[in-house]
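Chains, contacts and geometry: an overview
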Amino acid sequence: MYVAGMDIGSIFSKAIILKDGQVVASLIKRTGGEIKAISHRLMEEALAPQGLQIDDLKSVVATGYGRISVPFADKQVTEISCFGRGVANSFPEVRTVIDIGGQDSKGIKIDERGKVQDFVMNDKCAAGTGRFLEVMANALEVSLEDMGPLALQSGSPEEIGITCTVFAESQVISLVGEGRRKVDIVAGIHQAIAERIHGMLRMLRIEERIAITGGGAKNIGLVKELEKRLGTELIVPEEPQLIGAHGAALLALEMALGRKGS
Amino acid sequence: MVIKELMNRFFTVVADPYSEAKRRKEQGQKVIGWLPTDVPEELIHAAGAFPVGILGSSNNIRLADTHLQVWVCSLMRSSLEMELCGDLDFLDGIIIPQTCDTTRALSGLWRKVCRTPYVEDFLLPKQVKRPSAREYLTGELARIKTSLEQVTGKKISDETLDTSIRLFNENRQLLRRMFEIHTHQPGLLTSREVYTVIKAAMYMDKAEHNGILRDLIRALEHKAAESAGTPDSKARLVISGGVWEPPEIMDLIEEAGGVVVGDDLLTGMRYLTPDVDEERNPLEALADRQLNKIPFGGFDNQNYERRRFLLDLVRNSEARGLIFLHLKFCEPENYDYNDMREALNSAGIPNLRLETEVANPSLGQIRTRLEAFIEMIGGNPIERTL
Ligand code: SF4
């Protein structure tokens, strides 16, 4: 029996196909254009190697900010519930999930089955999210992938305020103008984001172990800065961006088996 | 069907809130507005004027930003905007309650930059536990009474004030009855409908509102009897905060699978509780109503601490969780929040904080938070069709 989960994020869309509960295909693509069309294309592409079509799926759960626009989804579930479910599947010892996505970041507390106990989400502002890193990478003419490793090379990070993305960007530009070292600026940016996310997490009673998911988890500089502040090692799943889609697929499986969704 | 028609009347009022006020004005009656909340409308009514609430609007804020910084709550920025745009030209006067620093500053500003001929303050006591509070408040109400008499040229006798008090008590009682039916059978009206009826009371003639509301209650009671026993799967929720703005927030809550069965909102329970004692000296009784109001960020209750109040509210409403609905930059609520959240957490009551603004709603993230919260506490979202 085949089921699928789709996570339509603000920057990336992800799909996962399960066959009898096991992952048989996964795909990540940039979100761009009309979501209805993208979700169709993405799902068809993920199914093609299996020789399957959307109609062969017993059940589909959609999540992410574009979840309401996936025409073939049987159910929409927020990314908060899906990340909880996805993480608990691989790491039942995790009690807190930090998710750093393109447009927002979240702290989620879960029980051993991945059921959400409490959560916080950042404000509308992009500071503390993937978008912020992207803006800064652009301003510094550094590729997004290089940002994390660069940050680790600095011995004396610059101080960067992070009340607002626009202010931070102009601050970064003036630092560049003053001829400051790029690595120090990059490191400062990571500290600022980590500070912001840590501030948000303090609204929760954080319990260990802590996992980090979403695109931000792939940034080693950010992971290290957060670990410093949290005083513990973070669990980084192999495919941190796929956790939401995986959670959605697991919920789809439960639906298909006739059990109530989490 | 009858319910729909009656509800339409209330929806028409909140969509065009000042048509009745303007009609009154044309007929030569004085119109006195009030800012949220707690202004004793009974005094305005007894002075022969028409009281009407000024609660901001969903229009963009442009002109007000010349005078108020963007970190002032949008309720007051939007209300000032309405005046500066000329939307409140029908007002003969306005009473501004000094609830927080913002309203205190706004009162001076209103006198300076607005055209409203008569601007009066309602100076609420802050130390409500002191015995002097009652005496002070009775004096303050007497001062406003005299001030209103001067502006309308009509003396307010104890008899006319008693008559007004009875009319407004009746309105509160009817509203509470409607709310009670709703909490027993939350499927009869939507959350937005319930709160729209309450909001409409702030714009309408009370006698007219009472009449329609009585019909609505009759229709609801009838339907309740018919549909008794129908299970309701919605997650019962309490809302705590200032105002339920933007109004779409109520739709989002229902779409996410929730229903509002209790609140401490200025445009909710705070407006319809408690009654004024009809047996007493009217000014003292009005003062007592004020002192016994349910607590909120800007005003304590003399013998009901807010933390305890909220816990009781959740329990008595049989709610599964509480949503703090805070206006961005509402400082009384912001200062109160951590204490309140702690109290709820300690009692094991799931809670969520949403920040909204009166104008310019941006609701995408709010939808996600709401849905996640209701998924967390267990509830069935309404099926969405594309
Ligand atoms: S109490 Fe809050 S919402 Fe009301 S006027 Fe003051 S700051 Fe604005």
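Coordinates for the structure precede this section.
In this text the structure is predicted, and so the values were computed from the model without any measurement.

So, on to the site of the ligand. All names here are of chain B. The environment of the ligand is formed by Cys73, Met76, Cys100, Thr102, Thr103, Leu327, Cys330, Glu331 and Pro332. Of all the cavities here, the one that holds the ligand is the largest cavity. Mapped onto the shell around the ligand, the elements with two or more residues apiece are α5 (101-113) and α14 (331-346). Split by residue class, the shell around the ligand holds 6 nonpolar, 2 polar and 1 charged.

All of the buried residues along helix α3 (residues 130-140) of chain A are Gly130, Phe132, Leu133, Glu134, Met136, Ala137 and Leu140 of chain A. For α3 of chain A, the secondary structure elements touched by its buried residues are β3 (22-30), β6 (96-100), α4 (144-152), α5 (165-177) and α6 (182-201) of chain A.

A few words now on the packing of α4 of chain A against α6 of chain A. Residues and elements named next belong to chain A. Taken N-terminus to C-terminus, the directions of α4 and α6 make an angle of 100 degrees; their axes are 8 Å apart at the nearest point. Regarding the angle of α4 to α6, the classification is roughly perpendicular. Together, Met147, Gly148, Leu150 and Ala151 of α4 and Val183, Val186, Ala187, Ile189 and His190 of α6 make up the contact between the two elements. Partitioning the contact of α4 with α6 into residue classes produces 7 nonpolar, 2 polar and no charged.

Below, the discussion takes up empty space enclosed by the protein. Residue and element names in this part refer to chain B. With the rule as written, the count across this model stands at 4 cavities of 30 Å³ or more. The computed volume of the largest cavity comes to approximately 200 Å³. Forming the boundary of the largest cavity are 19 residues, of which Cys73, Leu75, Cys100, Leu266 and Cys330 lie nearest the centre. For the lining of the largest cavity, the secondary structure elements donating two or more residues are α4 (74-84), α5 and α14. The biggest single contributor to the lining of the largest cavity is α14, with 3 residues. Partitioned by chemical class, the residues of the lining of the largest cavity number 12 nonpolar, 5 polar and 2 charged. Counted as a void, the second largest cavity has a volume near 150 Å³.

Parameters and conventions
Residues numbered from 1 in each chain as written. Chains lettered and ligands numbered in written order. Predicted model: local features only at pLDDT ≥ 70, side-chain atom pairs only at ≥ 80, totals over all residues. Heavy atoms only, no water. Near = heavy atom within 4 Å. 1 Å grid on protein atoms, 1.4 Å probe; cavity = no way out; pocket = protein on both sides within 12 Å on 5 of 7 lines; lining within 4 Å. Sits in = over half its atoms within 2 Å of the grid points. Helix = DSSP H or I, 4+ residues; strand = E, 2+ residues; numbered from the N terminus. Nonpolar A, V, L, I, M, F, W, Y, C, P; charged D, E, K, R; others polar. Buried < 20%, exposed > 50% of the residue type's maximum accessible area, 1.4 Å probe, protein only. Contact = heavy atoms within 4.5 Å. Axes fitted to C-alpha atoms, helices over the stretch in contact; angles between N-to-C directions. Parallel < 35°, antiparallel > 145°, perpendicular 65-115°, else oblique. Points joined across faces, edges and corners; volume = space filled by probe spheres on them.

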